[in-house]
Amino acid sequence: MEPMAIVAIFVLAVFVGFEVVSKVSSTLHTPLMSGANAIHGVILVGAIIVADHSKTNLELGLSVAAIVLATINMVGGFVVTDRMLEMFKGKGKERAKDSK
Amino acid sequence: MEPMAIVAIFVLAVFVGFEVVSKVSSTLHTPLMSGANAIHGVILVGAIIVADHSKTNLELGLSVAAIVLATINMVGGFVVTDRMLEMFKGKGKERAKDSK
Amino acid sequence: MSRAIYDLIGLSAGVCFILALKGLSHPRTARRGNLIGALGATIATLVVFFYASEGSSLPLNNLGWILGAMVVGLLIGVPAARKVQMTQMPQLVALFNGVGGGAAALVAIVEYLKLGDGATVAEVVATVFTVIVGCVSFSGSIITFMKLQELMTTRPVVFPGGRFVIAGTLVAVLASGGWVISALGTTPLLVLAGLSLLFGVLFVLPVGGADVPIVISLLNAFTGLTVAASGYVLDSTLLIIAGTLVGASGTILTRLMAEAMGRSLFGTLFGAFTAKPQDVAIGGETRTVRSGSPDDVAILLNYARRVVIVPGFGLAVAQAQHTVRELADLLSAKGIDVAYGIHPVAGRMPGHMNVLLAEANVPYEQLAEMDEVNPTFPQTDVALIIGANDVVNPAAKTTPGCPIYGMPILDVSLAGNVIFLKRSMRPGFAGIENELLYDPKTTLLFGDAKASLTKVVGALKSL
Amino acid sequence: MSRAIYDLIGLSAGVCFILALKGLSHPRTARRGNLIGALGATIATLVVFFYASEGSSLPLNNLGWILGAMVVGLLIGVPAARKVQMTQMPQLVALFNGVGGGAAALVAIVEYLKLGDGATVAEVVATVFTVIVGCVSFSGSIITFMKLQELMTTRPVVFPGGRFVIAGTLVAVLASGGWVISALGTTPLLVLAGLSLLFGVLFVLPVGGADVPIVISLLNAFTGLTVAASGYVLDSTLLIIAGTLVGASGTILTRLMAEAMGRSLFGTLFGAFTAKPQDVAIGGETRTVRSGSPDDVAILLNYARRVVIVPGFGLAVAQAQHTVRELADLLSAKGIDVAYGIHPVAGRMPGHMNVLLAEANVPYEQLAEMDEVNPTFPQTDVALIIGANDVVNPAAKTTPGCPIYGMPILDVSLAGNVIFLKRSMRPGFAGIENELLYDPKTTLLFGDAKASLTKVVGALKSL
Ligand SMILES: NC(=O)c1ccc[n+]([C@@H]2O[C@H](COP(=O)([O-])OP(=O)(O)OC[C@H]3O[C@@H](n4cnc5c(N)ncnc54)[C@H](OP(=O)(O)O)[C@@H]3O)[C@@H](O)[C@H]2O)c1
Ligand SMILES: NC(=O)c1ccc[n+]([C@@H]2O[C@H](COP(=O)([O-])OP(=O)(O)OC[C@H]3O[C@@H](n4cnc5c(N)ncnc54)[C@H](OP(=O)(O)O)[C@@H]3O)[C@@H](O)[C@H]2O)c1
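So, how was this worked out
Residues numbered from 1 in each chain as written. Chains lettered and ligands numbered in written order. Predicted model: local features only at pLDDT ≥ 70, side-chain atom pairs only at ≥ 80, totals over all residues. Heavy atoms only, no water. Helix = DSSP H or I, 4+ residues; strand = E, 2+ residues; numbered from the N terminus. Buried < 20%, exposed > 50% of the residue type's maximum accessible area, 1.4 Å probe, protein only. Contact = heavy atoms within 4.5 Å. Areas by Shrake-Rupley, 256 points an atom, 1.4 Å probe, with all protein chains shown as cover. Lys, Arg positive; Asp, Glu negative; His and termini not counted. Charge placed at Lys NZ, Arg CZ, Asp CG, Glu CD. Buried area = accessible area lost by both parts, 1.4 Å probe. Salt bridge = Lys/Arg side-chain N within 4 Å of Asp/Glu carboxyl O. Polar contact = N/O pair within 3.5 Å; in protein donor to acceptor, adjacent residues only side chain to side chain. Nonpolar A, V, L, I, M, F, W, Y, C, P; charged D, E, K, R; others polar. Near = heavy atom within 4 Å. Domains from an automatic or database assignment. pLDDT = per-residue confidence, 0-100. Expected span 1.5 Å × (residues − 1). Arc of directions from axis to C-beta.

Moving on: the overall build of chain C. A count of helical and extended segments in chain C gives 17 helices and 6 strands. The principal-axis extents of the C-alpha atoms in chain C amount to approximately 80 × 50 × 35 Å. Of all 463 residues assigned to chain C, the portion counted as buried reaches 57%. Partitioning the contacts of chain C with sequence separation of at least 6, the portion at a separation of at least 24 is 76%. As displayed, chain C offers around 18,000 Å² of accessible surface, 63% of which is attributable to carbon and sulfur atoms. Treating the 29 positive side-chain charges of chain C as one cloud and the 28 negative ones as another, the clouds have centres 4 Å apart.

Structure follows, in structure tokens:
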């Protein structure tokens, strides 16, 4: 992809990231951090790509390690976030009303 | 530019546009509309480009008309928005406090 | 200048636009935001003069024409923006939006004329899209301008079978769009442009006065999208970003405005297809009203404990903001509790009243939004309505089918006394009768708002 | 699958991530947001198996290894996430973040090993950036994990000259980064990775306990940026978007968290460079305190008109949320006005107390944020502090230089009586003495919070 397009995408994504979370209440700081943390587990995609391309055993070994770690990050991240948010269940509606 | 990059830029810009104005108070609807209106006056850039590329009199004539209209849109838009907002001057600080 | 630098500068202009919209969304930063937007536009405009695009060289061809056209645009735009009165700003914004749409359509037409066989389908489609939407935005905005400027009726213009005509025109627009795409040529393009202009007119005609600002906002978003499409054809990241930003934020803004006015966006948009001619009886009214003298009003006010002032468009017309403040100060000095009840769409643009009263330095604490002030009317002795009409018209609650039905109103009828300051029995913007004028607890004081207020102030002082 | 479709699916996964962050920012939509994020991640992961990138073909090479590794990851990650106790979640998040950073660093290392002479400088720089930041994030997160898990001291670890060591390491990291860029090779890369790991450790060691969540959030943002950089090298729009989103939102979140805790982000970040060993006197305390029995506490509560309950980390440890609710209900039934004063950083993660009390179905109206509850302490008869310490420690106001100095606290000392439920005189998370324990109006009830509360409830009932 053209470098210019990448820069534009990067800049726009920065703004989206900033704006989207800028009003979060402190109650949600931890789940939000945890959810964002799970999202960067998508490096798993990168790990799979380099594993596919691996020619030497060293490369493959490192790639496989990367896949294990990335899977832990991604799957564990979403599961733990869900568990945290489960606690808010039932209270959700009242809270939402209140925070409006 | 690659079509894919354009799609990505478009999608991200949509999110930025949505997020950035989603909390505006009704007092500012008109100035915001007017400011956004001035921003699309940047079609002036496009009008200048086609004027540069114009080969026939018809093309040039249409381009020149486009430049006139786009300039009115852009310059007039920013000036009129500024005039509207001038009214808020001095009251700005109190309002801001209050809207927090 | 290299392409990379040109593009980076363009991107920084795009960032300015984002920051501009962000700034414009908060009262404290709004003015700065607008200036940042102007800065971005200036940067974007300057930089094209220093970049020779493919197959071109510096200085730009037709430079004289380009600069000359810009000067003409400046000489028209700046004085118009400077001299317009506060009350006429909305129509000016509509007009500016229209010319922007027109410019985008013209750019697309020129591009189209130059598209050879090398053009991709996507490019042709984008061009056709720009022509259609740009033309609709242009002619639609002209009609909204005429409505707001009262060069034509502000009431919905509907005629029997009108919706079939509109739907038919839309089909014709789309068909000729297909024609243009399949057979490149000038004739189909002219047909397309003509039909699109017609559609823009038909689309806006049935919109009732109160919905006009919503339509302006929508056409504004449309124009943004055309600019984005032009950016695609012209390979300009800046135009894509700027246009998309305006398109997206304009769409949200349209929705927010519709909500603030209690209108359904869907109804406004597709009203054109469903509107039927309505019979609303106007005139021939023979009921009596109670009109009072300035002294009567002064007495009512003097013995009130709480007064709510409801300003409307007439206050702006009469430029009575300073006089109303004088009155309010006088009442406050007598220990009377005074508040201003601000309806979100009082006047002719959102925030109109706030702007006006801010000009007269009315203390911010006295301005109460609709939701705040409505529960207080039962404890209010006098509701003093100055040049407002639609925003207190109970028809919004009681008369299904009337143009303002469903809009939340200020419940002045719950106050002990209602005083109207207006010049005549003429209805307001929406063109419908106000039953409240005939209510036994209403007192009317006829005359220009400023003159009436001055008299009331005089009478109050001599009490 | 064609590249265009692959990319479009990737982009839709990116949109899921945006919607996920948006959802996670609002209480009502948080859970759905998380699920949308998981959906995006699933889509993104599945689609790579169906796209043969340049020079490769389907099915992917090493498919068995890839799937096997994913299964291993699942078998570790899911049970860990499922079984962890509420009180240990923050350290688990830290750990997950660390392994993510490690994965990014490994991907970059593999990419680097394959970079031939065809690699552009920008690609090499991006790879080096990912290795450095990924390694820092990895080792830094491990240290934060150990601090939170109390495998090591939670107090800042500072040694004389420490800041010079840290600064020196940073210089060495940057220098070896330059070395890797100028001379492609495995040795320089290993040196770079080693030094980066060391720097991560040194960077986090001097951070005081209370700042640990801020650092986790920061490292989280860092990992996001490494993912974006990997996306650049691997030509994946999805990774660029996802990584940048996390980087940007993580940065904002870090700032918000720092604000909520009254810490300066700058101080937290560069504390490593400026921290000096501090002498805070601990132990050897011989002053007397007033400790009471459950009956004393019950009597104090019984005759109060207003009670504010201040929960802290100890409430979570003792799992006393249900008992505290019972007590509050009992007091309410006696007509006593009860509120919970929630400090933003009470417990070990933001929102910890809200989550805990929500579990016990405490009515939402009774939860008061710090800003709400502080002005009410002068009218409060009893402040009942259950397993909290740092969040009510006046040292935050009075002792410049102590680890929590500058953090806003709950002003319980303004209440008529202060009751502490804790097990010992040991300090809280920040490891500093709390003068309030020695205050004459303070009563201490020693013991596990749950046991103590049960006794107080019993005593109250028999009054
Ligand atoms: N705010 C917006 O965004 C916006 C934009 C476009 C349209 N609108 C629509 O505009 C309307 C606003 O309602 P509104 O109650 O403010 O205004 P309105 O319904 O238009 O009523 C204005 C009243 O002021 C009186 N008036 C005019 N000039 C006057 C003068 N010099 N002195 C005294 N009275 C004068 C008029 O009666 P006389 O002629 O008898 O004096 C008229 O009844 C709504 O229908 C709204 O939907 C709003
Ligand atoms: N919320 C966050 O995001 C977060 C994250 C990380 C760190 N922190 C930091 O954590 C601290 C939170 O303050 P805090 O006041 O909630 O907690 P704290 O200062 O750590 O105090 C907890 C108190 O609970 C007592 N305790 C422990 N187990 C108990 C039990 N079973 N029964 C009764 N009491 C028990 C302890 O005293 P005994 O041992 O004598 O019983 C201790 O004094 C702050 O320093 C904050 O900065 C917060």
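For the rest of this paragraph, the subject is the interface of chain A and chain D. Every contact between the two is made by 77 residues of chain A and, on the other side, 101 residues of chain D. Around 8,200 Å² of area is buried between chain A and chain D when both sides are counted, 77% of it from carbon and sulfur atoms. The tally of links from chain A across to chain D stands at 1 salt bridge. The residue D:Arg31 makes a salt bridge to A:Asp82 at a minimum N-O spacing of 2.9 Å. Connecting chain A to chain D are 14 residue pairs in polar contact (both at pLDDT 80 or more). Top element by residues in the side of chain A that touches chain D is helix 4 (residues 57–86) of chain A. It accounts for 28 residues. Looking at the side of chain A that touches chain D residue by residue, the class counts come to 47 nonpolar, 20 polar and 10 charged.

Our next topic: the site of ligand 1. All names here are of chain C. Around ligand 1 lies a shell of 29 residues, among which Val345, Asn389, Asp390, Ser424 and Asp448 are the nearest. In this structure, Gly387 approaches ligand 1 through a main-chain N or O atom, which is 2.9 Å from an oxygen atom. Counting residues per element, the shell around ligand 1 draws most heavily on helix 12 (residues 313–318), at 4 residues. Each residue belonging to the shell around ligand 1 can be placed in one class, and the counts come to 15 nonpolar, 8 polar and 6 charged. Residues from two domains meet in the shell around ligand 1; each of domain 1 (3–274) and domain 2 (294–461) gives at least three.

Moving on to the confidence of the model for chain A. For chain A, mean pLDDT is 84; residues scoring 70 or higher make up 84% of the total. The model gives residues 90–100 of chain A a pLDDT under 50, and that stretch makes 17 contacts with residues more than four places away or in other chains.

For the rest of this paragraph, the subject is the interface of chain B and chain D. On the side of chain D, 10 residues touch chain B, which itself brings 8 residues to the contact. The junction of chain B with chain D conceals about 750 Å² of combined surface from both sides, 84% of it contributed by carbon and sulfur atoms. Three residues stand out in chain B for area buried against chain D, namely B:Met4, B:Leu12 and B:Phe15, and they jointly supply 61% of the buried area on that side. Our count for the chain B to chain D interface comes out at 1 salt bridge. One salt bridge in this structure joins D:Lys22 and B:Glu19, with 2.3 Å as the shortest N-O distance.

All names here are of chain C. Taking 1.5 Å of rise per residue, the 21 residues of helix 6 (residues 162–182) would be expected to cover 30 Å, and the 30 Å separating its terminal C-alpha atoms lies within 8% of that figure. Among all positions in helix 6, only Gly162, Ile166, Thr169, Val173, Ser176, Gly177 and Val180 are buried. Projected down its long axis, helix 6 carries its buried residues within an arc of 110°, all on one side. Across from the buried face of helix 6, at angles greater than 90 degrees, the exposed residues are Phe164, Val171, Leu174 and Ser182.

Residue and element names in this part refer to chain D. Neighbouring residues of ligand 2: 30 residues in total, closest Val345, Asn389, Asp390, Arg423 and Ser424. Gly347 places a polar main-chain atom, nitrogen or oxygen, 2.9 Å from an oxygen atom of ligand 2. Here Asn389 contributes a backbone N or O atom positioned 2.7 Å from an oxygen atom of ligand 2. Relative to its unbound accessible surface of 910 Å², ligand 2 loses 98% to contact with the protein. Those elements giving two or more residues to the shell around ligand 2 turn out to be helix 12 (313–318) and strand 5 (417–422). At 4 residues, helix 12 tops the list of elements feeding residues into the shell around ligand 2. Of the residues assigned to the shell around ligand 2, the class counts are 15 nonpolar, 9 polar and 6 charged. Residue-level mapping places the shell around ligand 2 at the junction of two domains, with at least three residues from each of domain 1 (3–274) and domain 2 (294–461).

Let us look at unusual backbone geometry. Of note in this structure, C:Gln319 is not a glycine but carries a positive phi near 50°. Within the fold, C:Gln319 resides in the loop between helix 12 and helix 13 (321–333). Backbone geometry places D:Glu150, a non-glycine residue, at a positive phi of 55°. Relative to the elements of secondary structure, D:Glu150 occurs in the loop between helix 5 (121–148) and helix 6 (162–182).

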